[in-house]
Amino acid sequence: MTANGVAADRLLADFTARKPAALARAISIVENHRPGCDRLLAALHGRTGRARRIGITGPPGAGKSTLATQLVRAYRSQGLTVGVVAVDPTSTFTGGALLGDRIRMEQVALDPGVYIRSLATRGALGGLSATTREIADVMDAYGFDRVLIETVGVGQSELEVARTADSCVVVLVPESGDAIQTLKAGLMEIADIFVVNKADRPGADRLRSELKVMVQMRSSRVRRGHDESRAPRSGFAAHAHPSDAAGPPSLGDGSAWLPPVLTAAAADGTGVPELLSALDAHHEYLSASGVLVERRRARLRARVVDVVDLRVRSRLWQDPDTEAWLDTQLAALESGGTTPFDVADELLSRSARLLTGEADDLHR
Amino acid sequence: MTASRPIRVLVAKPGLDGHDRGAKVVAAALRDAGMEVVYTGLHQTPEMIATAAVQEDVDVVGLSILSGAHMTLFPRVLQLLREQGRDDVLITGGGIIPQDDMDALHLQGVGKLFGPGTSTSELVRYIQDWFAQRQRQEA
Ligand SMILES: Nc1nc2c(ncn2[C@@H]2O[C@H](COP(=O)(O)OP(=O)(O)O)[C@@H](O)[C@H]2O)c(=O)[nH]1
Ligand SMILES: [Mg+2]
């Protein structure tokens, strides 16, 4: 066996023995697509599917890390173990990143049932959401009961990350009232639960009402068949929102989930029990409706698509012969003797062996 | 083949003294040099530092120590990391540390330590050189 193979076996043994350093290294291997990444993920695949994955997204400073810490504490008091992935934007200028989410998570930092990992958004091969999903897989395989994924919900890629979770909590604050208009579409699409945090500040109730109206509008549009262009009927905002009741959120007309709009003050833990029940209710809904199975299946499917994309790309563009051949075409391209489309077709057809991986089996 | 990747550094401020301006300046400088810096804030115990370093799988731990407790803090972090199988982590940092103490810590396995007033670019270069050499050894 190769030296790499021995190291991989030792890592897997340490991982199975639940050594934190092995979990941490496994995540690094996945994050950086280091050699052995595919083999590691393949070995862990059969152990995944147990953890509930909860995304927490929203604008910077909304209190996501504070809320995540409160959730961790609550789950720990139920005897559940928790892995946390905190994704922070990378400085586009230098490629470096300052990852500060741990500062807020100090209360749970020494708990052996908690694992926290900070992740930069740097241009990961295969995209941030694919990498985050794989890291969540690794945490799931390690045996955590809950995996929390914190992302800054501003860009498209961050919203995609949120979508890799089973349940997505969108955290807003009274100050983000104006931002909602621009974030509306994306946030509405991904939010399973809204939390208006910093309810100790003025404006929380107004934002909560606005969000409820938006949730209602969306759900009635969806019921009428995705007609986004139709103007909403007036007057329905006056009806009681099903989530007004204190108990678990209702399932609307029974066929779809109506995202509850909760308020919280994460700093002192207010509203956390309600969030926990909403998350449990959402999980029940996901299980009972079959959506959970559906989503996980879709995730697995997307996973295969990602892997194919990645392999095609790396097999093609890390092949020196392909690069060299492409260079020989440049003169004809320049003079107009051929087109980028013809060259692309020819490149693909001459790379058939390369694409099946026969050429690089030795490196894997 | 080892793909090039950013250097991961944990920057922490152990001890009881009240401000972390120095540590924040260092953290920002390392980020600007292209590193991924996990910043954990003030009042970190050796246990918190070692736990975070293991969980974050960092290459380097940088400690800013002004309290004079360097002769206990550095060895303790080193020991905790070794207990978790992470004896490969570079431990560096700075503060008001007499040369004799620096030498003694170095013998125990602590990396280079920098006195107050050292430019951050010196620390950046030290970390980059150390990392490049380790990458070569692994290759
Ligand atoms: N007033 C108030 N401040 C809060 C609350 N929750 C969090 N914060 C503060 O908001 C700031 C940002 O919190 P953080 O959790 O780091 O936000 P994140 O960027 O969304 O992860 C911190 O100073 C928190 O102490 C809250 O419920 N009320
Ligand atoms: Mg945060």
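None of the values given here were measured: they were computed from a predicted structure. (Residues numbered from 1 in each chain as written. Chains lettered and ligands numbered in written order. Predicted model: local features only at pLDDT ≥ 70, side-chain atom pairs only at ≥ 80, totals over all residues. Heavy atoms only, no water.)

Caption draft 1: Highlighting the overall build of chain A. A count of helical and extended segments in chain A gives 13 helices and eight strands. In chain A, 74% of the contacts between residues at least 6 apart in sequence involve partners at least 24 apart. For chain A, the computed accessible surface area is about 17500 Å², with 55% contributed by carbon and sulfur atoms. (Helix = DSSP H or I, 4+ residues; strand = E, 2+ residues; numbered from the N terminus. Contact = heavy atoms within 4.5 Å. Areas by Shrake-Rupley, 256 points an atom, 1.4 Å probe, with all protein chains shown as cover.)

Caption draft 2: Focus on the interface of chain A and chain B. Of the residues lining the interface, 29 residues belong to chain A; the matching set on chain B comes to 28 residues. Between chain A and chain B, roughly 2400 Å² of surface is buried when both sides are summed, and carbon and sulfur atoms account for 52% of that area. A per-residue breakdown of the area chain A buries against chain B is headed by Leu-98, Arg-102 and Leu-110 of chain A, which together make up 23% of the total. Applying the counting criterion to the chain A and chain B interface returns three salt bridges. As a salt-bridge pair, Arg-25 of chain A and Asp-57 of chain B come within 2.9 Å of each other at their nearest N and O atoms. Seen at the junction of chain A and chain B, the total is 16 residue pairs in polar contact (both at pLDDT 80 or more). When residues of the side of chain A that touches chain B are traced back to their parent elements, those giving at least two are helix 2 (20–31), strand 3 (97–99) and strand 4 (114–120) of chain A. Looking at the side of chain A that touches chain B residue by residue, the classes come out as 14 nonpolar, eight polar and seven charged. Relative to strand 2 (residues 36–39) of chain B, strand 3 of chain A runs parallel, the two being bridged by three bridges. By the bridge assignment, Leu-99 of chain A is partnered in strand 2 of chain B with Val-38 of chain B. (Buried area = accessible area lost by both parts, 1.4 Å probe. Salt bridge = Lys/Arg side-chain N within 4 Å of Asp/Glu carboxyl O. Polar contact = N/O pair within 3.5 Å; in protein donor to acceptor, adjacent residues only side chain to side chain. Nonpolar A, V, L, I, M, F, W, Y, C, P; charged D, E, K, R; others polar. Pairing = 2+ DSSP bridges.)

Caption draft 3: Expanded view of the site of ligand 1. All names here are of chain A. Taken together, 17 residues form the shell around ligand 1, and within it Gly-61, Lys-64, Thr-66, Arg-104 and Asp-200 come nearest. Calculation on ligand 1 without its partners gives an accessible area of 590 Å², and the protein chains cover 76% of this total. Top contributing element to the shell around ligand 1 by residue count: helix 4 (residues 64–77), with three residues. For the shell around ligand 1, the class distribution of residues is six nonpolar, five polar and six charged. (Near = heavy atom within 4 Å.)

Caption draft 4: How the structure looks around the sheet that holds strand 1 (residues 52–58) of chain A. All names here are of chain A. Sheet architecture is open: seven strands sit in the order 4-2-5-1-6-7-8, paired in parallel fashion. Each end of this open sheet is capped by a strand with a single partner; those strands are strand 4 and strand 8 (261–263). Pairs of neighbouring strands in the sheet enclose a mean axial angle of 20°, with direction left out of account. Strand direction decides the pairing type here: strand 1 and strand 6 (residues 167–172), joined by four bridges, are parallel. Along strand 6, the bridge assignment pairs Gly-55 with Cys-168. (Axes fitted to C-alpha atoms, helices over the stretch in contact; angles between N-to-C directions.)

Caption draft 5: Quick look at helix 4 of chain A. Residues and elements named next belong to chain A. For helix 4, with 14 residues, the first-to-last C-alpha span of 20 Å sits near the 20 Å given by 1.5 Å per residue. Burial analysis of helix 4 places ten of its 14 residues in the buried class, the great majority of the element. Within the span of helix 4, buried status applies to Lys-64, Ser-65, Leu-67, Ala-68, Thr-69, Gln-70, Leu-71, Val-72, Ala-74 and Tyr-75. A positive phi of about 85° marks Gly-79, the residue just after helix 4. (Expected span 1.5 Å × (residues − 1). Buried < 20%, exposed > 50% of the residue type's maximum accessible area, 1.4 Å probe, protein only.)

Caption draft 6: Fine view of the sheet that holds strand 1 (residues 8–12) of chain B. Pairing is parallel in the open sheet, where six strands are placed in the order 3(A)-2(B)-1(B)-3(B)-4(B)-5(B). Whereas interior strands pair on both sides, the edge strands pair on one side only; in this sheet they are strand 3 of chain A together with strand 5 (113–114) of chain B. By the bridge criterion, four bridges tie strand 1 of chain B to strand 3 (residues 60–65) of chain B in an arrangement that is parallel. Across the sheet, Val-11 of chain B pairs through a bridge with Gly-62 of chain B, a residue of strand 3 of chain B. Sheet strands in contact with helix 1 (residues 21–32) of chain B are strand 3 of chain A together with strand 1, strand 2 and strand 3 of chain B, and its direction is about 155° off that of strand 2 of chain B. Strand contacts of helix 3 (residues 70–83) of chain B: strand 3, strand 4 (90–95) and strand 5 of chain B, with the helix running at about 160° to strand 3 of chain B, the strand carrying the most contacts.

Caption draft 7: Structural view of the pairing of strand 3 of chain B. All names here are of chain B. Counted residue by residue, strand 3 has six buried out of six residues, so it is predominantly covered. Where burial is concerned, the two faces of strand 3 agree: the one with Val-60, Gly-62 and Ser-64 and the one with Val-61, Leu-63 and Ile-65 are both buried. Where strand 3 and strand 4 come together, six bridges link them in parallel fashion. Note on strand 4: the bridge partner recorded for Gly-62 is Thr-92. A crossover links strand 3 with its parallel partner strand 4, the connecting element being helix 3, and its sense is right-handed. (Right-handed = clockwise from strand over helix to strand, strands pointing away.)

Caption draft 8: Main features of the nonpolar core. Residue and element names in this part refer to chain A. Of all hydrophobic cores here, the largest spans 36 residues; its most connected members are Leu-71, Tyr-75, Leu-148, Val-169, Ile-193, Leu-275 and Leu-279. Within the residue set of this core, elements represented by two or more residues are strand 1, helix 4, strand 2 (82–88), strand 4, strand 6, strand 7 (193–196), helix 9 (272–289) and helix 10 (291–317). Top contributing element to this core by residue count: helix 9, with eight residues. When neighbours within four sequence positions are excluded, Val-169 is seen to be in contact with Ile-54, Gly-55, Ile-56, Thr-57, Ile-193, Val-195, Leu-275 and Leu-279. Counting residues in hydrophobic clusters, the runner-up holds 30 residues, among them Ile-27, Tyr-115, Leu-128 and Val-138. (Core = buried A, V, L, I, M, F, W, Y, C linked by side-chain atoms within 4.5 Å.)

Caption draft 9: Representation of the packing of helix 11 (residues 320–335) of chain A against helix 12 (residues 340–350) of chain A in the model. Residues and elements named next belong to chain A. Direction vectors running N to C along helix 11 and helix 12 enclose 155°, while the axes themselves pass 11 Å from each other. By the angle between their directions, the pair helix 11 and helix 12 is classed as roughly antiparallel. Viewed along their axes, helix 11 and helix 12 form a crossing whose handedness is right-handed. Residue-level contacts link Asp-321, Thr-322, Trp-325, Leu-326, Gln-329 and Leu-333 of helix 11 to Pro-340, Val-343, Glu-346, Leu-347 and Arg-350 of helix 12. Of the residues in the contact of helix 11 with helix 12, the class split is six nonpolar, two polar and three charged. (Parallel < 35°, antiparallel > 145°, perpendicular 65-115°, else oblique. Left-handed = near helix turned anticlockwise from the far one by under 90°.)

Caption draft 10: Local environment of the pattern of salt bridges. Inspection of the entire model under this criterion finds 29 salt bridges over all chains. Residue Arg-53 of chain A is joined to Asp-137 of chain A by a salt bridge in which the shortest nitrogen-to-oxygen separation is 2.7 Å. With Arg-53 of chain A in strand 1 and Asp-137 of chain A in helix 5 (residues 128–142), the pair connects residues that are 84 residues apart, well separated along the chain. Assigned by exposure class, Arg-53 of chain A and Asp-137 of chain A land together as buried. Notably, a salt bridge pairs Arg-76 of chain A with Asp-111 of chain A, separated by 2.7 Å at the nearest N-O pair. With Arg-76 of chain A in helix 4 and Asp-111 of chain A in the loop between strand 3 and strand 4, the pair connects residues that are 35 residues apart, well separated along the chain. On the accessibility criterion, Asp-111 of chain A (22% relative accessible area) is partly exposed. If you follow the salt bridges from partner to partner, you end up with Arg-25 of chain A together with Arg-5, Asp-57, Asp-59, Arg-86, Asp-88, Arg-134 and Glu-138 of chain B in one network.

This is a description of form; function is not addressed.
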